[in-house]
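Breakdown of the fold
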Amino acid sequence: MSDLLSYAARGLTQASWVAWLIYFVVMTQATITTVTLYLHRSQAHRGVDFHPAVAHIFRFWCWLTTGMVTRQWIAVHRKHHAKCETAEDPHSPRVYGIRAVLWGGVDLYQKAAANAGDLATYGVGAPDDWIERHLYARWSAAGPTLLAMISLALFGVVGIAIWALQMAWIPFWAAGVVNGLGHWCGYRNFETADTSTNLVPWGLIVGGEELHNNHHAFPSSAKFSQRRFEFDGGWMLICLLRRLGLAQVRRLAPVLDFRTHVQQPDVETVRALLAQRCRILQDYVVGVITPTLRAEGLDDGRLSRRLRRGLASGGRWLDPASRRELAAFLYQRLRLSTVCEFRARLAGLTERNGRDAQALLEELKRWCAEAEVSQVRVLADFATRLKGCCIAGKERGHADLLEFARP
């Protein structure tokens, strides 16, 4: 009787709390690795391919530890990129509110995953072999059920508690924190057409997914880190698998470079502007708008953080009252109004609206010429530097492959 009670309490292993903790950390990190490497970077964005055996291990682990169906996951995520921050976004804090996404992200995901039309539209290319149709997709709940039985056998009643935490781990961190806080607070390296942010510069907790703004700037890139102080745990594992011949990187974000003594923008400039539009727009904020605010004596807190962000995004995410406030503020300051107008024109140049390359080049030349005679020194300096921008040599092939405007 005592042996039975001991087994029920602590399972076959009779493990200590240290072993419980190690098991929990290893299992949850393995699941996070599966989500970021396989579901996200490989399946949803095609940034990396894995050896078939590795890919199937990822598929099995995802089925066992989450019960998520690959086609559903990639369809929901691709729609998030395609409809970001709109009413059709499956999990935008701007639409549903931060609390709903942070604490109820899994409910939003399940609702979106049930949309058959979206699965057909955005789930193209998902695995569709025999085992996917007859086990992983058809019996998706069997995986977590099997894991619960394994946990119970290994650790007894404690195993069920560990299993419950495992089941909540991905929904909270991925569906809640990344999708919620990753569009709510943090820092931005790139002025993307959404509210995405990097939560921390060390992508360790959820395998690099914390670098969310970087990802939205270059969705198809297999590498999320973009600055020297940033660390992407998922990319480190991809590099390891690549060395072992088990992974092939298909897409990386292009690297922006600058040529000196370029008198006029050229085709290389246009390619760089389209490929690195988020970086260039962010550089404009740092190199033009911020110094102009300083020159106007407005760097002492008199301009709210909300309106500062409005200057960086052209007021895109401000409510109507705040937009009117920002417009009135700019109306009284000609120099600041000028650089914001040029920012809006530059952002317009980066939008793919059917113009051919030659027409875009002529518009860019006109923008640079007018910026250089604007009598705003930081704006003129920015235009001079912009004319020489290009994609760094060895990355140009990646730039041609990368579908910058699509997930």
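Residues numbered from 1 in each chain as written. Predicted model: local features only at pLDDT ≥ 70, side-chain atom pairs only at ≥ 80, totals over all residues. Heavy atoms only, no water.

On to the overall build of the protein chain. Along the backbone of the protein chain there are 20 helices and 6 strands. Summarising its shape, the C-alpha atoms of the protein chain cover approximately 90 × 45 × 40 Å along the three principal directions. Looking at the protein chain as a whole, 50% of its 407 residues qualify as buried. Element-wise, carbon and sulfur atoms account for 60% of the exposed surface of the protein chain, whose accessible area totals about 19900 Å². On the protein chain, the mean spot of the 48 positive side-chain charges and the mean spot of the 36 negative ones are 1 Å from each other. (Helix = DSSP H or I, 4+ residues; strand = E, 2+ residues; numbered from the N terminus. Buried < 20%, exposed > 50% of the residue type's maximum accessible area, 1.4 Å probe, protein only. Areas by Shrake-Rupley, 256 points an atom, 1.4 Å probe, with all protein chains shown as cover. Lys, Arg positive; Asp, Glu negative; His and termini not counted. Charge placed at Lys NZ, Arg CZ, Asp CG, Glu CD.)

This brings us to the pattern of salt bridges. Under the definition given, this model contains 14 salt bridges. Between Arg-250 and Asp-49 there is a salt bridge, with its nearest N and O atoms 3.8 Å apart. Of the two residues, Arg-250 is situated in the loop between strand 4 (247–249) and strand 5 (256–258) and Asp-49 in strand 1 (residues 48–50); the sequence distance between them amounts to 201 residues. (Salt bridge = Lys/Arg side-chain N within 4 Å of Asp/Glu carboxyl O.)

The subject of this paragraph is a nonpolar patch on the surface. A grouping of Trp-17, Val-18, Leu-21, Ile-22, Val-25 and Val-26 is seen on the molecular surface, where their side chains present a nonpolar patch of about 590 Å² in accessible area. By relative accessible area, which is 40% here, Val-25 ends up partly exposed. (Patch = residues over 30% accessible without salt bridge, like charges linked within 9 Å, V, L, I, M, F, W, Y side chains within 5 Å.)

With that settled, the discussion passes to the packing of aromatic side chains. The final tally for this structure, using the stated rule, is 15 aromatic pairs. Measuring from ring centre to ring centre gives 5.9 Å for Trp-169 and Trp-173, while their planes differ by 55°; the resulting arrangement is tilted. In this pair, Trp-169 and Trp-173 are both assigned in helix 10 (residues 157–180), 4 residues apart and thus about one turn of the helix distant. The lysine or arginine in question, Arg-345, covers the ring of Phe-342, its NZ or CZ lying 5.1 Å from the ring centre. The side chain of Arg-385 reaches across the aromatic face of Phe-258, ending 3.6 Å from its centre. (Phe/Tyr/Trp six-rings, centres within 6.5 Å; stacked < 30°, edge-to-face > 60°. Lys NZ or Arg CZ within 6 Å of the ring centre and 35° of its normal.)

What follows is about the nonpolar core. Of all hydrophobic cores here, the largest spans 42 residues; its most connected members are Tyr-284, Leu-346, Trp-367 and Leu-386. If we skip the residues at most four places from it in the chain, Leu-346 touches Leu-273, Ile-280, Leu-281, Tyr-284, Trp-367, Phe-382 and Leu-386. (Core = buried A, V, L, I, M, F, W, Y, C linked by side-chain atoms within 4.5 Å. Contact = heavy atoms within 4.5 Å.)

What follows is about the packing of helix 18 (residues 357–372) against helix 19 (residues 377–387). With their axes 7 Å apart at the nearest point, helix 18 and helix 19 run at an angle of 145° to one another. In this structure, helix 18 meets helix 19 at a crossing whose hand is left-handed. Between helix 18 and helix 19, the contacting residues are Leu-364, Trp-367, Cys-368, Ala-371 and Glu-372 on the first element and Leu-379, Ala-380, Phe-382, Ala-383, Thr-384, Leu-386 and Lys-387 on the second. The residue makeup of the contact of helix 18 with helix 19, split by class, is 9 nonpolar, 1 polar and 2 charged. (Axes fitted to C-alpha atoms, helices over the stretch in contact; angles between N-to-C directions. Left-handed = near helix turned anticlockwise from the far one by under 90°. Nonpolar A, V, L, I, M, F, W, Y, C, P; charged D, E, K, R; others polar.)

Let's shift gears to the packing of helix 2 (residues 17–44) against helix 4 (residues 70–82). At a closest axis distance of 10 Å, the pairing of helix 2 and helix 4 adopts a crossing angle of 65°. It follows that helix 2 is roughly perpendicular to helix 4 by the angle criterion. For the crossing formed where helix 2 meets helix 4, the hand is right-handed. For the pair helix 2 and helix 4, the contacting residues are Val-35, Tyr-38, Leu-39, His-40, Gln-43 and Ala-44 in the first and Thr-70, Trp-73, Ile-74, His-77 and Arg-78 in the second. Class assignment of the residues belonging to the contact of helix 2 with helix 4 gives a composition of 6 nonpolar, 4 polar and 1 charged. (Parallel < 35°, antiparallel > 145°, perpendicular 65-115°, else oblique.)

Mean pLDDT over the protein chain stands at 91; residues scoring 70 or higher make up 92%. Across residues 394–407 the pLDDT falls below 50, and counting only partners more than four positions away or on other chains, this stretch makes 40 contacts in the model. (pLDDT = per-residue confidence, 0-100.)

In this model helix 3 (residues 52–65) runs 20 Å from its N-terminal to its C-terminal C-alpha over 14 residues, within 8% of the 20 Å that 1.5 Å per residue would give. Those residues of helix 3 lying buried are Val-54, Ala-55, Phe-58, Arg-59, Cys-62, Trp-63, Leu-64 and Thr-65. Buried residues along helix 3 sit against helix 2, strand 1, helix 8 (130–136), helix 9 (142–155) and helix 10. One or two positions beyond helix 3, positive phi appears at Gly-67, with a value near 75°. (Expected span 1.5 Å × (residues − 1).)

Attention shifts here to unusual backbone geometry. In this model, Gln-14 sits at a positive phi of 50°, which is unusual for a non-glycine residue. Among the secondary structure elements, Gln-14 is positioned in the loop between helix 1 (2–10) and helix 2. For Gln-375, which is not glycine, the phi dihedral falls at a positive 65°. For Gln-375, a relative accessible area of 72% puts it in the exposed group.

Moving on, we come to the environment of Tyr-136. Note on placement: Tyr-136 falls in helix 8. In this structure, the C-alpha to C-alpha distance between Tyr-136 and His-77, residues 59 residues apart in sequence, is 19 Å. Contacts of Tyr-136, omitting those with residues within four sequence positions, involve His-56, Arg-59, Phe-60, Trp-63, Val-69 and Ile-131. Separated by 3.0 Å, the side chains of Tyr-136 and His-56 make a polar contact. (Polar contact = N/O pair within 3.5 Å; in protein donor to acceptor, adjacent residues only side chain to side chain.)

Before going further, it helps to spend a moment on helix 6 (residues 98–113). Where helix 6 bends most, the angle comes to about 90°, and this point is Gly-104. Every buried residue of helix 6 is listed here: Ile-98, Val-101, Leu-102, Gly-104, Gly-105, Leu-108, Tyr-109, Ala-112 and Ala-113. (Bend = angle between axes of the 7 residues up to and from the residue.)

Here Ala-312 is to be found in helix 15 (residues 305–313). With 28 residues separating them in the primary sequence, Ala-312 and Tyr-284 have C-alpha atoms 8.6 Å apart.

Another aspect to go through is the environment of Val-69. With respect to the secondary-structure elements, Val-69 resides in the loop between helix 3 and helix 4. A residue is classified by how much of its surface remains accessible, and Val-69, at 9% relative accessible area, is buried. The spatial distance from the C-alpha of Val-69 to the C-alpha of Arg-59 is 9.0 Å, given a sequence separation of 10 residues. If sequence neighbours within four positions are ignored, Val-69 has contacts with Tyr-109, Glu-132, Tyr-136, Ala-137 and Ser-140.

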